[in-house]
Structure formats: structure tokens, C-alpha cells
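Close look at the chain arrangement
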Amino acid sequence: MMDDTAIGLWGVPLAILAGAIRVSTPFIFVSLGETITERSGRINLGLEGTLVFGAMTAYAVAVMSGSAWLGVLGAMATGAIFGAVHGWICKWPKVNDIAIGIAMMQFGLGLAFFLGKSFIQPVAPHLPAIPFGFWSNLQPVQAALNINILFILGAALALVLWWAFRNTRIGLMLRVVGDSTDAARAMGIDPDRVRLLATAAGGSLAAIGGAYLSLYYPGSWNERISSGQGLMAVALVIFARWNPIGCFVAALLFGGAGALGPALQSVGVTQGYYLFYAAPYVLTLVIMIITSSPTRALSGAPGALSLTK
């Protein structure tokens, strides 16, 4: 029978795979939520606050109810409220989406820290994972293939959204509103209502990402539970060209970058490994530089996406 030492150098890619799956899950839900929002022609930079408030809500509800899944539902409800408030404010003429998003982010962060102080010590039930590595006796393999259910749901949601944007009436309405407000009104569609619902749906999905953070990985509630993941997801959406499947793949890429430092540490790299903890942020910066251009529009960008409506 093989033991863990037989893994050898395979420990690094296995650790990166395991870390990519764990770290990418919040990115998946936040980026998919922002994709829905931006497909309607609106941008929401307040998702960092929604993510953190969702994490606090999920943890608090799970502590009080004893059910992690009720915690996820609670987070989704508060995320939808945050998104709806953002969407309602931004429907007024000449309101700046970016400014409102930053204000909502700060509001969400402050409210989460204020209401969540009493839930730092209590222990909440965790979300379940499926041990796909049951067939192996090697601990690294088992760890890499111990996959949380939310990751699987996120992968399925990416496929469903990709299909829905192209093949359903709701997807068509979202695309029309996102590409041209005037065309949407000519078709009898209320752009403000569609954008309000899209922003609420995006906030609800972002809050699921927060629930994952507090109820699975790292699996606790504290005021430093997020490291700007809500803001980084906006860059991820641009990188994925507003494609849900692209968001899923890009989230795995970000997750792998985030897992690089711990993977190197796990195989005995003790000097300089901490520099790799900055890899996700460096990757975000590089992506924003590559995708930015003053002379050409991004391919796939919704035509009505701008700072003001």
C-alpha cells in the first residue's frame, strides 16, 4: 500500500488542485452574479460588502438554527436585498453606479462587522463535502477530491446560465436591455425593472460566496474573512468576457493562483513562498492592464454598460 510520501513531486499539483477548488468557489458565485448584473447593463462594485454581509448572515443563521443550509438561504435573502437597494438607487437618472457601489460596499462591511461581533466565538455547522477521493489511500488525493457541494452547484449554474442567456426568453430580455435601453423600451420591456431584478439576483449569488467562506472554507466568521474577493470578481467577469463558463474557468485560474503559496509551503519551500500569496492580486492587475484600452471596446461587453443610466 502506498503512503503519502509516495506522492513526491505530485504533491504540488495535487495541493494546487485542492486549493483551486476551495479558493475558487466564492469567485464562481460572485462572478456569475456580477455577470447577470452587467449583462443587464449595470455594474455593481458593492459585491464585496454583499459577500461579507452574506458570510456573517449565513454564519449567524447557522448558529441559531443549527442548519448550514438555512444559513445559505439567509445569506441569499440578504444578498438579494442589498442588490435590490443598489438597483433601485441606480435607476434614477444620472446616478453613478460606481459611487453607489462603493457606498453599498462600505455599508455592507460596516453593518456586518457591527452585527457579527457576537458570532465570532460560537461554532456553526459546516456545509457538507463529497469525498470523491474515497478510492485512494493517499491523503493528498483524498484532500484534493474532497469537493464541497457548492462548488458542484456553481459549475452547474455556470452551464445553466450559459444556456439560458442564449435560449430563453428571460435571457433574451436581459441581453436586449444590456445592449440597448431604447431597443428594450421599443419592445415593451421595462429596463429599470429588468436591471433591478438582475442586480438583486447578482447580489443573492454573491452572498452564497460569502456563505461558503464562513460555513466551509475557512469555515469561521471574522472581520477579515474576505480579501477583496468581491472586487476581484469584477475583473474576473471582464476577463471572462461576460461568459458564465468563462467565469467558471477564470475562477479556477484565480483559485489556483491563490493556492500556489500554500502548495509550495506544503512541500517544504520555506523561503520566499509567501510572495506567491500575492499571485491572485498580481493576476488581477495584469488582467486589468491587458483588457484595458482607450481606443477599442471589449468584445462581448453589453452595449448599455456604463457608469450612469
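Residues numbered from 1 in each chain as written. Predicted model: local features only at pLDDT ≥ 70, side-chain atom pairs only at ≥ 80, totals over all residues. Heavy atoms only, no water.

Attention now moves to a nonpolar patch on the surface. Together, Ile-130, Phe-132 and Ile-152 make up an exposed nonpolar region whose accessible area comes to about 220 Å². Along the chain, the position of Ile-130 falls in strand β1 (residues 129-131). By relative accessible area, Ile-130 is classed as partly exposed at 31%. (Patch = residues over 30% accessible without salt bridge, like charges linked within 9 Å, V, L, I, M, F, W, Y side chains within 5 Å. Areas by Shrake-Rupley, 256 points an atom, 1.4 Å probe, with all protein chains shown as cover. Salt bridge = Lys/Arg side-chain N within 4 Å of Asp/Glu carboxyl O. Helix = DSSP H or I, 4+ residues; strand = E, 2+ residues; numbered from the N terminus. Buried < 20%, exposed > 50% of the residue type's maximum accessible area, 1.4 Å probe, protein only.)

Before going further, it helps to examine the UniProt feature "transmembrane region" (unreviewed entry) in the protein. The positions that UniProt labels "transmembrane region" (unreviewed entry) are, in the present scheme, residues 12-33, 45-62, 68-89, 98-120, 140-165, 194-213, 233-260 and 272-290. Across residues 140-165, the secondary structure splits into 85% helix and 12% strand, with the terminal C-alpha atoms separated by 38 Å. The span residues 233-260 shows a helical share of 86% and a strand share of 0%, and its end C-alpha atoms are spaced 19 Å apart. (UniProt positions renumbered as here; feature names shortened; annotations may be inferred.)

Further remarks concern unusual backbone geometry. Pro-218 follows Tyr-217 through a cis peptide bond whose omega is 10°. In this structure, Pro-218 sits in the loop between α9 (191-215) and α10 (229-239). Positive phi is not limited to glycine here, since Lys-94 has a value of about 65°. By the element assignment, Lys-94 lies in the loop between α3 (68-90) and α4 (97-115). Here the phi dihedral of Arg-241 falls at roughly 60°; this positive angle occurs in a residue that is not glycine. With respect to the secondary-structure elements, Arg-241 resides in the loop between α10 and α11 (244-266). By relative accessible area, Arg-241 is classed as partly exposed at 28%.

In this section: the nonpolar core. Within the largest apolar cluster, 69 residues are counted, with the highest numbers of intra-cluster contacts made by Phe-27, Leu-32, Ile-36, Leu-127, Leu-215, Trp-221 and Leu-236. Those residues in contact with Leu-236 that sit more than four places away from it in its chain are Phe-27, Ser-31, Cys-247, Ala-250, Ala-251 and Phe-254. Among the nonpolar cores identified, the runner-up in size contains 5 residues, and Leu-14, Leu-138, Val-141 and Ala-144 belong to it. (Core = buried A, V, L, I, M, F, W, Y, C linked by side-chain atoms within 4.5 Å. Contact = heavy atoms within 4.5 Å.)

It is worth spelling out the packing of aromatic side chains at this point. Tallying each qualifying case throughout the model produces 6 aromatic pairs. Ring centres 5.9 Å apart and planes at 35° place the aromatic pair Phe-82 and Phe-107 in the tilted group. Here Phe-82, found in helix α3, pairs with Phe-107, found in helix α4; they are 25 residues apart in sequence, far enough to count as distant. For Phe-82, a relative accessible area of 9% translates into the label buried. Note on Phe-107: relative accessible area 45%, which makes it partly exposed. Note on Trp-88 and Trp-92: the rings are 5.8 Å apart at their centroids and 90° apart in plane angle, and the pair reads as edge-to-face. Overall, the relative accessible area of 46% leaves Trp-88 in the partly exposed class. Owing to a relative accessible area of 41%, Trp-92 belongs among the partly exposed residues under this scheme. (Phe/Tyr/Trp six-rings, centres within 6.5 Å; stacked < 30°, edge-to-face > 60°.)

Here we take up the packing of helix α2 (residues 47-65) against α3. Two elements in contact, α2 and α3, have axes whose closest approach is 7 Å; the angle formed by their N-to-C orientations is 145°. α2 and α3 meet at a crossing whose hand is right-handed. Listed contacts from α3 to Thr-50, Phe-53, Gly-54, Thr-57, Ala-58, Val-61, Ala-62 and Ser-65 of α2 are Ala-68, Leu-70, Gly-71, Val-72, Gly-74, Ala-75, Thr-78, Gly-79 and Phe-82. In the contact of α2 with α3, the residues fall into 9 nonpolar, 8 polar and no charged. (Axes fitted to C-alpha atoms, helices over the stretch in contact; angles between N-to-C directions. Left-handed = near helix turned anticlockwise from the far one by under 90°. Nonpolar A, V, L, I, M, F, W, Y, C, P; charged D, E, K, R; others polar.)

Here we come to the packing of α3 against α4. Their axes nearest at 10 Å, the elements α3 and α4 cross at an angle of 150°. Put simply, α3 runs roughly antiparallel to α4. For α3 against α4, the interelement crossing comes out right-handed. Residues Phe-82, Val-85, His-86, Ile-89 and Cys-90 of α3 pack against Asp-97, Ile-100, Gly-101, Met-104, Phe-107, Gly-108 and Leu-111 of α4. A per-class count over the contact of α3 with α4 returns 8 nonpolar, 3 polar and 1 charged. (Parallel < 35°, antiparallel > 145°, perpendicular 65-115°, else oblique.)

This part is about the environment of Met-105. Mapped onto the elements, Met-105 comes out in helix α4. Look at Met-105 and you get buried, because its relative accessible area is 10%. Taking the C-alpha atoms as reference points, Met-105 and Gly-230, 125 residues apart in sequence, are found 9.3 Å from one another.

Our next topic: the pattern of salt bridges. Two side chains of opposite charge can pair, provided their charged atoms sit close to one another. Per the counting criterion, the structure on display carries 2 salt bridges. Linking Asp-97 and Arg-42 is a salt bridge whose minimum nitrogen-to-oxygen distance equals 3.9 Å. Note that Asp-97 is positioned in helix α4 and Arg-42 in the loop between α1 (11-39) and α2, a separation of 55 residues in sequence. On the basis of relative accessibility, which here comes to 0%, the residue Asp-97 falls in the buried class. The shortest N-O distance in the salt bridge between Lys-117 and Glu-223 comes to 3.1 Å. Pair noted here: Lys-117 is in the loop between α4 and β1 and Glu-223 is in the loop between α9 and α10, with a separation of 106 residues, a long-range link.

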